[in-house]
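These are the residues of each chain, in order.
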Amino acid sequence: MSIESSEKIHKKELKRFHYKVRPIERGYNDRTLYINLSNNEILSKPVTDQMKKLFIGGRGFDLWLLWNAIGEKTKWDDPENEICIACGPLGGNPLYPGSGKSIVVAISPLTQSVMDSNVGGYFGPYLKFAGWDALEIQGKAEDDAVIFIDGDEGVVTIESVERFPDNTHLLGEFLGKYYCEGNLKTISTVTAGLGAENTLMGCLNFSFYDTVRKTFRYKQAGRGGTGTVFRDKNIKAIVVKFSNITTDINNPADLDRAKKVGREYIKEIKELDPKQNEIYRVGTSYIVTIMNEFDLLPVKNFKFGNHPEAENLGKEVYRKKFHKGYDGCWIGCPLACAHTVKNFTLETGPYKGESVWVDGPEYETIAGCGSNLGIFDPDFLIELNFYCDTYALDTISFGTALAFVMECYELGLIDKKATGGLDLHFENKKAALEIIHQMAKGEGFGAIVGQGIKRMKDIFKKEYGSDTGTMQDIGMESKGLEFSEYITKESLAQQGGYGLALKGPQHDEAWLIFLDMVHNLMPTFEQKAESLFWFPMWRTWFGLNGLCKIIWNDVIPEDNSETPEPAKIMKHVQWYAEYFSAVTGEDAEPDDLIKMSERVYNFQRVFNLRQGFGKRKHDDIPYRAMGPVTIEEYKSRKDRYDKQLKELGILDPEGKSTEEKIKALRKYRESQYEKLKDAVYKRRSWTPNGIPTIEKVKELGIDFPEVIELISKHQ
Ligand code: SF4
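Since the structure is predicted, the reported quantities are computational estimates derived from the model, not experimental observations.

Novice: Talk me through the sheet that holds strand β10 (residues 187–191); I want residue IDs and the actual numbers.
Specialist: The strand order across the open sheet formed by seven strands is β1-β9-β8-β13-β10-β11-β12, and the pairing between neighbours is mixed. Edge positions in the open sheet fall to β1 (10–18) and β12 (215–221), since each of these has one partner strand only. The sheet shows a mean angle of 20 degrees between the axes of neighbouring strands, taken without regard to direction. In the packing of helix α4 (residues 168–179) onto the sheet, the strands contacted are β1, β8 (145–150), β9 (155–162), β10, β11 (204–210), β12 and β13 (235–241), and the crossing angle to β12 comes to about 120 degrees.

Novice: Summarise the pattern of salt bridges; cite the residues concerned and give the values.
Specialist: Taken as a whole, this structure holds 61 salt bridges when the rule is applied. Measuring nitrogen to oxygen at the nearest pair gives 3.9 Å for the salt bridge that ties R163 to E162. On the basis of relative accessibility, which here comes to 54%, the residue R163 falls in the exposed class. A salt bridge links D642 to K661; the shortest N-O distance between them is 3.0 Å.

Novice: Please give an account of the pairing of β13 that cites residues and values.
Specialist: With seven of seven residues buried, β13 lies mostly within the body of the structure. As judged from the six bridges shared by β8 and β13, these two strands associate in the parallel manner. Residue pairing in the sheet places F148 in a bridge with V239 of β13. Relative to β13, β10 runs antiparallel, the two being bridged by five bridges.

Novice: Would you mind going over the packing of helix α2 (residues 58–69) against helix α21 (residues 525–545) in detail, with residue names and values included?
Specialist: At a minimum axis separation of 4 Å, α2 and α21 run at an interaxial angle of 75 degrees. With respect to each other, α2 and α21 are oriented roughly perpendicular. Touching G58, R59 and G60 of α2 are T540, G543 and L544, all from α21. Split by residue class, the contact of α2 with α21 holds one nonpolar, four polar and one charged.

Novice: Describe in detail the nonpolar core, supporting the description with residues and values.
Specialist: Within the largest apolar cluster, 221 residues are counted, with the highest numbers of intra-cluster contacts made by I149, I238 and Y576. The leading source of residues in this core is α21, at 10 residues. When sequence neighbours within four positions are dropped, the list of residues in contact with Y576 reads Y96, Y265, W538, W541, F542, L547, C548, I551, W552 and L593. If you look at the next biggest cluster of nonpolar residues, it comprises 17 residues, including I9, Y218, A237 and V239.

Novice: If you had to explain unusual backbone geometry to someone new, which residues and values would you point to?
Specialist: Glycine aside, residues mostly have negative phi angles, and peptide bonds mostly take the trans form. Look at the link from G360 to P361: it is a cis peptide, with omega at 5 degrees. Relative to the helices and strands, P361 is located in the loop between β15 (355–359) and α11 (363–369). Positive phi outside glycine occurs at N301, with the angle close to 55 degrees. With respect to the helices, strands and loops of the structure, N301 is situated in the loop between α9 (286–293) and α10 (315–321). One non-glycine residue with positive phi stands out, namely E427, at about 80 degrees.

Novice: A description of the site of the ligand should follow, citing residues and the corresponding values.
Specialist: Surveying the vicinity of the ligand reveals the residues G98, K101, D327, G328, C329, C333, L335, A336, C337, C548 and I551. Taken together, the residues that form the shell around the ligand break down as seven nonpolar, two polar and two charged.

Novice: Quick one: what's the story with the domain arrangement of the protein chain, residue by residue and with numbers?
Specialist: Here the protein chain is partitioned into domain 1 (3–241), domain 2 (255–482) and domain 3 (492–537 + 574–583 + 592–712). On the domain 2 side, the residues contacting the 47 residues of domain 1 number 51 residues. In this assembly, domain 1 packs against domain 2 so that about 3800 Å² is buried in total across both faces, 58% of it on carbon and sulfur atoms. For domain 1, the biggest contributors to the area lost against domain 2 are M201, R213 and R223; these three give 20% of the whole. Scanning the region where domain 1 abuts domain 2 turns up five salt bridges. A salt bridge links D394 to R223, with the shortest nitrogen-to-oxygen separation between them at 2.9 Å. If you look at where domain 1 meets domain 2, you find 23 residue pairs in polar contact (both at pLDDT 80 or more). Looking at which element gives the most residues to the side of domain 1 that touches domain 2, the answer is β12, with five residues. Split into classes, the residues belonging to the side of domain 1 that touches domain 2 amount to 20 nonpolar, 22 polar and five charged.

Basis of the calculations
Residues numbered from 1 in each chain as written. Predicted model: local features only at pLDDT ≥ 70, side-chain atom pairs only at ≥ 80, totals over all residues. Heavy atoms only, no water. Pairing = 2+ DSSP bridges. Helix = DSSP H or I, 4+ residues; strand = E, 2+ residues; numbered from the N terminus. Axes fitted to C-alpha atoms, helices over the stretch in contact; angles between N-to-C directions. Contact = heavy atoms within 4.5 Å. Salt bridge = Lys/Arg side-chain N within 4 Å of Asp/Glu carboxyl O. Buried < 20%, exposed > 50% of the residue type's maximum accessible area, 1.4 Å probe, protein only. Parallel < 35°, antiparallel > 145°, perpendicular 65-115°, else oblique. Nonpolar A, V, L, I, M, F, W, Y, C, P; charged D, E, K, R; others polar. Core = buried A, V, L, I, M, F, W, Y, C linked by side-chain atoms within 4.5 Å. Near = heavy atom within 4 Å. Domains from an automatic or database assignment. Buried area = accessible area lost by both parts, 1.4 Å probe. Polar contact = N/O pair within 3.5 Å; in protein donor to acceptor, adjacent residues only side chain to side chain.

Here it is in structure tokens:
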């Protein structure tokens, strides 16, 4: 819909709230914004010093707000569930690389537990500049609602709207023009689309206006169905407006110190990225080739780790397809990984024949919706990426769920009766696109796929008598969340990186495959457990502060390999500590940063426990993540597996059937995984059932009476 036809839309103001926009102090506004859509209440809540000390900001603030807002029985679609969005004290400074992140937290429709999802775009910084350290939305609107936060005027409104466009590429453009008062750059929006409305894997699109391409572009808070919660609350959009960005807007305690470390970091990235991964040109597509080379690229539902056609999805192909120009998802990001395809003509769906900009694809989309479906067509991926984004579907959950379905279909666990006549063999591009359009409409077999793997296993069992054991082994979900796109069979540490991740199997907590499998740097359980302590804590820290993780380890200092712990890239960690100290005025060393995360991390584990999860059994993963499930899979890497059986003294493979060898290997690998859990829980000071000890929560200062009462029942 164009702005010219906006007279057709209808908008009614339900509530108006005035506030004073005041200067940010050392990265904080010291207040959060609460909105209840059931009764149109809008409140400003204070941020206390204790809240800053214990939870820092970003994901920490989101978790604290949600914890206080809901009860142990709250379900994802209860009105009391919230969507919390926050940037962080360090977010928003254009002079420090990767400062534009927001974190979204809610109870997830896929996992029924606490979900956190990070995202770029301008919304988080603008929300903060508009005066709010976090936004907390509770309740459900009666009709479609827009929340408009005008950070120029100091006004928040809730508006009931009709006939606004449904899908993001139209809605975002429309909202920008509608609310901007002439300067599109001043607007950022959060929107979803029909896919979020009609599935459980809806994502949220956060916009930024690209002044060179003259179009709005989008980054996704992909994981766990937060877009579905958003539409369940009848939120059509959140719009924030802010005009007056300056480089000292965070008002750091020591501006010169903050500028100095920012300059140094930016200089290094600009110098080294062109020599290393060229992310500024090819984005994360560079990862495809590397994963393929090391047998880590998911192919056909994680059965295999490489494919001769993988280069069709590699960086040289996308180098040509990406439009040249600056692609930072926040002002000044020197890595600028957020690439776009210009004038892509769509071949299917409601926008068939239209020429559009497409944001991406990034590695996870390429691997999840490409190689993992057995499809190696770069243009197919661009089309699918476009529709996932505009419908607001998480490309990771979509790809992994469809890969599961395709394998079920090939194994005869479901047939055309189940799929509504669709031939869902791997490699079928047409069928994959048809599924995505069905998901957006909530129709046909797409509506089932949109429920996610966990529910599909139940549905297939109930409706078609499909074998539960096989589905359990090949259904790549844990805690109800679909796996992100790496093969973990040969890395026990990364199996833990996925299985022990708080929200479910997403690589943003720990990515240890190379250190473990390729470099063999953690041969003992204790060493693996140490890595599964430090890396998840460190990676959590970015989400507390509004910063982007890619910056830390996708460009490596030239002398890094000569440092005592090259995997940690301590030169960068030291810069982050320096920057934190400069902005907040609180002197911090690298160990202090880890402690900040450890508090929030343990709190989130306790939060999961309160919602009925967060125990040892919830950290289980399907056997496909540990080893070969099928004969075909074993035979494809027979030499490797036979050698291991022999060298580890598990079984002499000579003269044994493949079934016998699979069984023996499985017994061994499953027992290794349980031993890993023991070691990690011990390192984290958790009980053997995976629950933080009373001593630990006391040491961390999160020993609130309700926390102690809760964990006391489980010690
Ligand atoms: S590295 Fe990429 S995702 Fe991170 S802030 Fe820069 S452009 Fe955004």
